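Fold and geometry: a report
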2 protein chains.
Amino acid sequence: MTEEIEELFLELKDTSELMIDLAYSALLYDNEEIAKEVLILEEVVDKLNYKIQRTAFMVSLEDKNVDKALAMIRLASGIEAIADAAMDIADVVLRDIEPHPIFKMSVMDSDVIITKTPVLRSSSLTNKTLGESHLMTETGMWVIAIKRGKTWIYGPDENTVIKNKDVLVARGPREGAEEFLRLTKGR
Amino acid sequence: MTEEIEELFLELKDTSELMIDLAYSALLYDNEEIAKEVLILEEVVDKLNYKIQRTAFMVSLEDKNVDKALAMIRLASGIEAIADAAMDIADVVLRDIEPHPIFKMSVMDSDVIITKTPVLRSSSLTNKTLGESHLMTETGMWVIAIKRGKTWIYGPDENTVIKNKDVLVARGPREGAEEFLRLTKGR
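For the structure given in this document, a descriptive report is provided here.

1. Some words on helix α1 (residues 2-28) of chain B
Spacing of three or four residues puts side chains on the same side of an α-helix, whose turn is 3.6 residues. In this model, α1 of chain B (27 residues) spans 39 Å end to end at C-alpha, consistent with the 39 Å of a helix rising 1.5 Å per residue. Within α1 of chain B, 21 of the 27 residues are buried, which leaves the element mostly enclosed by the surrounding structure.

2. With respect to the nonpolar core
Counting 92 residues, the largest nonpolar core has F9 and Y24 of chain A together with F9 and Y24 of chain B as the members making the most contacts within it. Discounting residues that sit within four places of it in the chain, Y24 of chain A has contacts with I89, V107 and I114 of chain A together with K13, S16, E17, I79 and I82 of chain B.

3. A closer look at unusual backbone geometry
You will see that H134 of chain A, though not glycine, has its phi angle at about 50°, which is positive. Summarising the element assignment, H134 of chain A is placed in the loop between α5 (130-133) and α6 (135-139). The backbone of K64 of chain B shows a phi angle near 55°, a positive value even though the residue is not glycine. Mapped onto the elements, K64 of chain B comes out in the loop between α2 (32-63) and α3 (66-95). Among the residues examined, K64 of chain B registers a relative accessible area of 69% and is labelled exposed.

4. Details of the sheet that holds strand β3 (residues 151-154) of chain A
All names here are of chain A. Read from one edge to the other, the open sheet built from 4 strands follows the order β1-β4-β2-β3, with strand pairing classed as antiparallel. Unpaired on one side and paired on the other, β1 (112-118) and β3 mark the two borders of the sheet. Taking the axes of each pair of neighbouring strands and ignoring which way they run, one obtains an average angle of 20° across the sheet.

5. Here's the deal with helix α4 (residues 101-109) of chain B
Inspection of α4 of chain B places I102, F103, S106 and V107 of chain B among the buried residues, and these make up the whole buried set. Around the axis of α4 of chain B, the buried residues are gathered within 135° of arc, so they sit on the same side. Those residues of α4 of chain B that are buried lie in contact with α1 (2-28) and α3 (66-95) of chain A together with α1 and β1 (112-118) of chain B.

6. As for the environment of A85 of chain B
Looking at where A85 of chain B falls in the secondary structure, it is placed in helix α3. In this structure the C-alpha to C-alpha distance between A85 of chain B and M19 of chain B, which are 66 residues apart in sequence, comes to 9.0 Å. Ignoring any residue separated from it by four or fewer positions in sequence, one finds A85 of chain B in contact with G78, A81 and I82 of chain A.

7. Some points on a negative patch on the surface
Together, D111, E175 and E178 of chain A together with D157 and E158 of chain B give the surface a local cluster of negative charge. As for its placement among the helices and strands, E175 of chain A is situated in helix α7 (residues 174-185). Residue E175 of chain A is classed as partly exposed on the basis of its relative accessible area, which comes to 43%.

8. So, the interface of chain B and chain A
Taken together, the contact pairs 50 residues of chain B with 50 residues of chain A. Note on chain B versus chain A: buried area summed over both sides is about 4,700 Å², and carbon and sulfur give 67% of it. For the interface between chain B and chain A, the tally reads 4 salt bridges. Of the charged contacts, one joins D91 of chain A and R74 of chain B as a salt bridge, the two residues approaching to 3.2 Å between their closest N and O atoms. Taken together, the links from chain B to chain A amount to 3 residue pairs in polar contact (both at pLDDT 80 or more). Those elements that provide at least two residues to the side of chain B that touches chain A are α1, α3, α4, α6 (135-139), β4 (167-173) and α7 (174-185) of chain B.

9. Some thoughts on the environment of R171 of chain B
Its place among the elements puts R171 of chain B in strand β4. Expressed as a C-alpha distance, the spacing of R171 of chain B and I113 of chain B, which sit 58 residues apart in the sequence, is 5.5 Å. The residues contacting R171 of chain B, other than those within four sequence positions of it, are E17 and R171 of chain A together with D21, V112, I113, I114, G140, M141, W142 and I144 of chain B. Only 2.8 Å separates the side chain of R171 of chain B from the side chain of D21 of chain B, close enough to count as a polar contact.

Quick notes on the rules
Residues numbered from 1 in each chain as written. Chains lettered and ligands numbered in written order. Predicted model: local features only at pLDDT ≥ 70, side-chain atom pairs only at ≥ 80, totals over all residues. Heavy atoms only, no water. Helix = DSSP H or I, 4+ residues; strand = E, 2+ residues; numbered from the N terminus. Expected span 1.5 Å × (residues − 1). Buried < 20%, exposed > 50% of the residue type's maximum accessible area, 1.4 Å probe, protein only. Core = buried A, V, L, I, M, F, W, Y, C linked by side-chain atoms within 4.5 Å. Contact = heavy atoms within 4.5 Å. Pairing = 2+ DSSP bridges. Axes fitted to C-alpha atoms, helices over the stretch in contact; angles between N-to-C directions. Arc of directions from axis to C-beta. Patch = residues over 30% accessible without salt bridge, like charges linked within 9 Å, V, L, I, M, F, W, Y side chains within 5 Å. Areas by Shrake-Rupley, 256 points an atom, 1.4 Å probe, with all protein chains shown as cover. Salt bridge = Lys/Arg side-chain N within 4 Å of Asp/Glu carboxyl O. Lys, Arg positive; Asp, Glu negative; His and termini not counted. Charge placed at Lys NZ, Arg CZ, Asp CG, Glu CD. Buried area = accessible area lost by both parts, 1.4 Å probe. Polar contact = N/O pair within 3.5 Å; in protein donor to acceptor, adjacent residues only side chain to side chain.

Structure, rendered in structure tokens:
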């Protein structure tokens, strides 16, 4: 039971954080496809939260500790609220007029920026997994989505292989972004 | 007006993200001081959101574009919801029994982990600013709080100087954390 609920919390946390990153990316690039993915992930989060609630009750029946079960439920609903906030932001992209450049500037002026760039054939990243690329530890940039042809890979993991012509969407520090762009272009 | 509102959005975004990082840190270290800082930042966010709402109305009076003003308000409230979610999580730390190790394990098992470590005298980081330290671009670790003696510095920026005996709380990739710990220990 413990392992199962740990797994659920982990997935809830990682998914809600990915949703925030995707929501800001959707806003920045005025991209409805990415915004729609946020809505799809919201359903995943709903299910995870339901599973956690169920497990919390099972735990409380098992060890008669209501407080512990309640803390689980409250924490899960706090994390789910992050996902809901991401939805609100994605919703602005889906329902409103094209966002004013102000929003885009705000995302770009942050300490942590979002950037999008194609991987050229000459790049040393081509055919490496994200893990092998050491992008995060060497540039601070975290790849949140990959566009491959017409399809998107959202929340790629360390085993995802970077292909020639992939378009990487990544978040990280401004100085890291420069090195990241250099790496996607050449060796 | 444009610059002012861009500034407001930027601060709203950065503050809400810091709040999430701090809330998870508070949970991980069962630290009420950090959790209380999340509540203080929530007041900052409230004020920022109010200012954005006011400016949005002024913008709509000026250029007669109600849709643009509404999009501003909706986006600001979406970002404020991130801050509210951080409060919910901090609240679990402040109000509940000591969180079950499960939560801590979930935070530690994530792709992005949180770590806490003292800066030793032998560390090459001592007396460098965070900007000079290149911690983020060389390890992927983002310092979210510094404990100096009995006081805390939350959301330090590139000009914050790292002192001997500071305790750094940072988030980033697991592999980056190892190099980060090495740097805080020695040259």
